[in-house]
Amino acid sequence: MNSKSKWSFYIKFYPLLIMFVIIFMSIGYASINPIELGINGSATGLFQTYNDLYVKDISNKIRASLNIKKKNGEFVGAYAPYGYKKDISNKHKLVIDNTSAKIVKKIFNLFINGNSITKIANILTKEKIPIPSIHQNMNRGIKSSLFGIWNNRTITDIITNPTYIGNLTQGRTKKINYKSKKRIHTKKQDWIISYNTC
């Protein structure tokens with residue numbers, strides 16, 4: 001039995017023992033030499049393994065809870081999509097942000113009239129229209145004399161987002177795993193879409 005399998009076995013069948021080890025190591029004994037206490041390096045590995053599994057379990061439970069909210073048509077993001085804002089009386093509901101909504105309409109009109117993604121980005125940049133992140137900061141009271149440079153990814157994300165036709169779409173990006181903050185774009189079939197909700 002390898003080390004990882006061994007600790008998984010202990011965690012499954014001896015949870016009280018594991019909790020004792022964790023409590024013992026967290027109440028002030030961390031600075032003491034483990035060997036002096038009769039604890040070898042394996043105990044530290046056990047603690048790390050248990051902690052890792054615990055964090056992973058919590059992460060999975062949070063994700064499952066958020067997915068339920070998403071499927072019920074509740075917005076769970078930290079910030080509303082560009083063109084929207086959170087309803088003051090209900091943070092899980094989106095309402096139109098008149099200022100940025102005008103820019104969203106402009107983007108769609110430019111695209112419908114045959115302008116390429118790159119050209120649209122260049123037009124918005126030349127007109128000094130604040131990019132979404134700067135607009136977001138301005139709404140939070142953070143003043144800025146910068147406008148930013150619009151990029152193709154931002155324009156594409158707006159044009160391909162069903163949210164802008166009233167169908168709240170979440171889960172278009174996700175973290176690589178619970179240990180990383182890096183996000184990646186998901187496949188369309190993995191999006192969670194709630195029709196006629198915004």
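Shown above is the structure to which this text applies.
Note that this is a predicted model, so its numbers are computed, not measured.

Draft legend 1. Examining the nonpolar core more closely. Membership of the largest hydrophobic core comes to 21 residues, with the highest contact counts inside it found for Tyr82, Ile103, Ile107, Leu124, Trp150, Ile155 and Ile158. When residues of this core are traced back to their parent elements, those giving at least two are helix H4 (98-112), helix H5 (117-126) and helix H7 (152-159). In this structure, Tyr82 is in contact with Ser100, Ile103, Val104, Ile129, Pro130, Pro132, His135, Trp150, Ile158 and Tyr164, ignoring residues within four places of it in sequence.

Draft legend 2. Main features of the packing of H5 against H7. Across the interface, H5 lies against H7 with an axial gap of 9 Å and an inter-helix angle of 110°. Here H5 lies roughly perpendicular to H7, going by the angle between them. Counted together, Ile117, Thr118, Ile120, Ala121 and Leu124 of H5 and Asn152, Ile155, Thr156 and Ile159 of H7 form the full contact between these two elements.

Draft legend 3. Broad picture of the pairing of strand S2 (residues 90-96). With 4 bridges connecting them, strand S1 (residues 84-87) and S2 associate as antiparallel partners. Following the sheet pairing, Lys86 is matched in S2 by Leu94. In textbook terms, the turn of a hairpin is the stretch between consecutive antiparallel strands, and for S1 and S2 this stretch comprises 2 residues.

Draft legend 4. Region of the structure containing the packing of aromatic side chains. Under the counting rule described, the total for this entry stands at 3 aromatic pairs. With centroids separated by 5.9 Å and ring planes inclined at 35°, the aromatic side chains of Tyr84 and Tyr164 adopt a geometry described as tilted. Placement of Tyr84 in strand S1 and of Tyr164 in the loop between H7 and strand S3 (168-170) is noted, with a sequence separation of 80 residues between them. With respect to burial, Tyr84 and Tyr164 carry one shared label: buried. Members of the aromatic cluster, joined through ring pairs, are Tyr84, Phe108 and Tyr164. The ring of Trp191 carries Arg172 above its face, with NZ or CZ at 4.5 Å from the centroid.

About the thresholds
- In every chain, residue numbers begin from 1 and rise along the written sequence.
- Predicted model: local features are reported for residues with pLDDT of at least 70 only, side-chain atom pairs are reported and counted for 80 or more only, and whole-chain, interface and lining totals are derived from all residues.
- Excluded from the side-chain calculations are hydrogens and water; all other atoms, namely the structure's heavy atoms, are used.
- To form a nonpolar core, buried Ala, Val, Leu, Ile, Met, Phe, Trp, Tyr and Cys residues must be joined to one another through side-chain atoms within 4.5 Å.
- Categorising residues by exposure relies on relative accessible area from a 1.4 Å probe, with only protein chains included: less than 20% of the type maximum marks a residue as buried, more than 50% marks it as exposed, and the intermediate range marks it as partly exposed.
- Per the convention used, a helix needs a DSSP run of H or I reaching at least four residues, while a strand needs a run of E reaching at least two, with both numbered from the N terminus.
- Any two residues having at least one pair of non-hydrogen atoms within 4.5 Å are treated as being in contact.
- Angles here are taken between N-to-C directions and fall from 0 to 180 degrees, while the axes themselves are lines fitted to C-alpha atoms, restricted in helices to the stretch in contact.
- Roughly parallel means an angle under 35 degrees; roughly antiparallel means over 145; roughly perpendicular covers 65 to 115; every other angle is labelled oblique.
- Here, any two strands with at least 2 DSSP bridges between them count as paired.
- Ring pairs are drawn from Phe, Tyr and Trp, using the six-membered ring of Trp, whenever the two centres fall within 6.5 Å, and their geometry is named by plane angle: stacked under 30 degrees, edge-to-face over 60, tilted for the rest.
- Over a ring means this: the NZ of a Lys or the CZ of an Arg is within 6 Å of the ring centre and within 35 degrees of the ring normal.

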